[in-house]
Amino acid sequence: MALGAFFGEEGSVVVVRRYGGFTLIEVILTLALLGIAVALALPRYDVSLLNKLDAKTTAQRMASDLRLTRQLAIGKATPHYLVIDIDHTYKLYTTSVSPENQIPPTRIIPGTAILGGSSSFKFLPTGALDPSSGQSLTIQIGSSQWSVTIVTATGFVSVSQVS
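Definitions and limits used
- For every chain, the first residue of the written sequence is number 1, and numbering continues from 1 along that sequence.
- Local features are withheld for residues below a pLDDT of 70 in this predicted model, meaning they are given only at 70 or higher, and side-chain atom pairs are given and counted only at 80 or more; totals for whole chains, interfaces and linings count all residues.
- Just so you know, side-chain values use all the structure's heavy atoms and leave hydrogens and water out.
- Each helix corresponds to a stretch of at least 4 residues labelled H or I by DSSP, and each strand to a stretch of at least 2 residues labelled E; elements are numbered beginning at the N terminus.
- A 1.4 Å probe rolled over the protein chains alone gives each residue an accessible area, and that area as a share of the maximum for its type sets the label: buried under 20%, exposed over 50%, partly exposed in between.
- Whenever a nitrogen or oxygen atom comes within 3.5 Å of another N or O atom, the pair is scored as a polar contact, on the condition that within protein one atom can donate a hydrogen and the other can accept it, and that pairs from neighbouring residues in sequence are kept only if both atoms are in side chains.
- In what follows, a contact means two residues having at least one pair of non-hydrogen atoms within 4.5 Å.
- Salt bridge, as used here, is a side-chain nitrogen of Lys or Arg placed within 4 Å of a carboxyl oxygen of Asp or Glu.
- Multiplying one less than the number of residues by 1.5 Å gives the expected span of a helix.
- Any two strands are treated as partners once DSSP identifies two or more bridges connecting them.
- To qualify as a nonpolar core, a set must consist of buried Ala, Val, Leu, Ile, Met, Phe, Trp, Tyr and Cys residues joined through side-chain atoms within 4.5 Å.

Asker: How should the side chain of Arg 107 be read in this particular structure?
Answerer: Summarising the element assignment, Arg 107 is placed in strand S5 (residues 102–108). Classification of Arg 107 by relative accessible area gives buried; the value is 14%. Within the local environment of Arg 107, its side chain forms a polar contact with the backbone oxygen of Pro 105, the two atoms lying 2.6 Å apart. Residue contacts for Arg 107: discarding those within four places in its chain leaves Asp 65, Leu 68, His 88, Thr 89, Tyr 90 and Leu 92.

Asker: What am I meant to see in the pattern of salt bridges here?
Answerer: Opposite charge on two side chains lets them pair, provided their charged atoms get close. Counted under the stated rule, the structure contains 3 salt bridges. Two residues, Asp 65 and Arg 107, come together in a salt bridge whose shortest N-O distance is 3.3 Å. Of this pair, Asp 65 sits in helix H2 (residues 47–76) while Arg 107 sits in strand S5, and the two are 42 residues apart along the sequence. The same class applies to Asp 65 and to Arg 107, which are both buried. Lys 122 is paired through a salt bridge with Asp 130; the nearest N and O atoms lie 3.6 Å apart.

Asker: What is the right way to read helix H1 (residues 24–41) from this model?
Answerer: The α-helix winds at 3.6 residues per turn, so residues separated by three or four positions along the chain end up facing the same way. For H1, built from 18 residues, the straight-helix expectation of 26 Å at 1.5 Å per residue is met to within 8% by its first-to-last C-alpha distance of 26 Å. Taken across its 18 residues, H1 has 0 buried, putting it largely on the surface.

Asker: Where do I start with the pairing of strand S9 (residues 144–150) in this structure?
Answerer: Here is the key point about a regular strand: its side chains alternate between the two faces of the sheet. Most of S9 is tucked away, with 5 of its 7 residues classed as buried. As judged from the 6 bridges shared by strand S8 (residues 136–141) and S9, these two strands associate in the antiparallel manner. Residue pairing for S9: Ser 136 is matched across the bridge by Thr 149. Remark: 2 residues form the turn of the hairpin made by S8 and S9, two consecutive strands paired antiparallel; Gly 142 in that turn has positive phi of roughly 65°. With 6 bridges joining them, S9 and strand S10 (residues 157–162) adopt antiparallel strand pairing. For Trp 146, the partnering residue across the bridge sits in S10 and is Gln 161. Once S9 ends, the chain turns through 6 residues before running back antiparallel as S10, passing Gly 155 with a positive phi of about 80°.

Asker: Looking at this structure, how should I read the nonpolar core?
Answerer: Note that soluble globular proteins tend to have their nonpolar side chains buried in a common cluster. By size, the foremost hydrophobic cluster in this structure holds 22 residues, and its most contacted members are Leu 66, Ile 84, Phe 121 and Val 148. Counting residues per element, the ones that place at least two in this core are H2, strand S3 (80–84), strand S4 (89–94), strand S7 (120–123), S8 and S9. With 6 residues, the top contributor of residues to this core is H2. Discounting residues that sit within four places of it in the chain, Ile 84 has contacts with Met 62, Thr 89, Tyr 90, Ile 109, Leu 115, Ser 118, Ser 119, Phe 121 and Leu 137.

Printed below as a string of structure tokens:
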């Protein structure tokens, strides 16, 4: 709070208090300028960063579901499957790949993703990957590409960025 003093009638001192703060017009103008700055900067935002994050998230989610499939195979002592469909979805199955053996829910892969490698993974009750199954999967969104790799003997799942 700022104080100002001046002399009033007959030499008396009058103290005037001024309170700090912003007027409504100052706040509105500041918000308008910020809005204009954001509107100008938004089109220049780097879309490749979003693609990289989307590809990485998709790869990590699929790796997590592959690990879940492996754990279910070990825990239930029966083969379990992860199968990728043409319609950008993938499903987990127990004992065999048939609708009555599906473990819900159906997982969705982003429509912008380009998938490469294997589309079917079978984990044995020991946790190992069936040798006839695929061992890797690549996910590409934009220029960002990630690889999900499974070690056949152990069923170990890893995710790495492809340069």
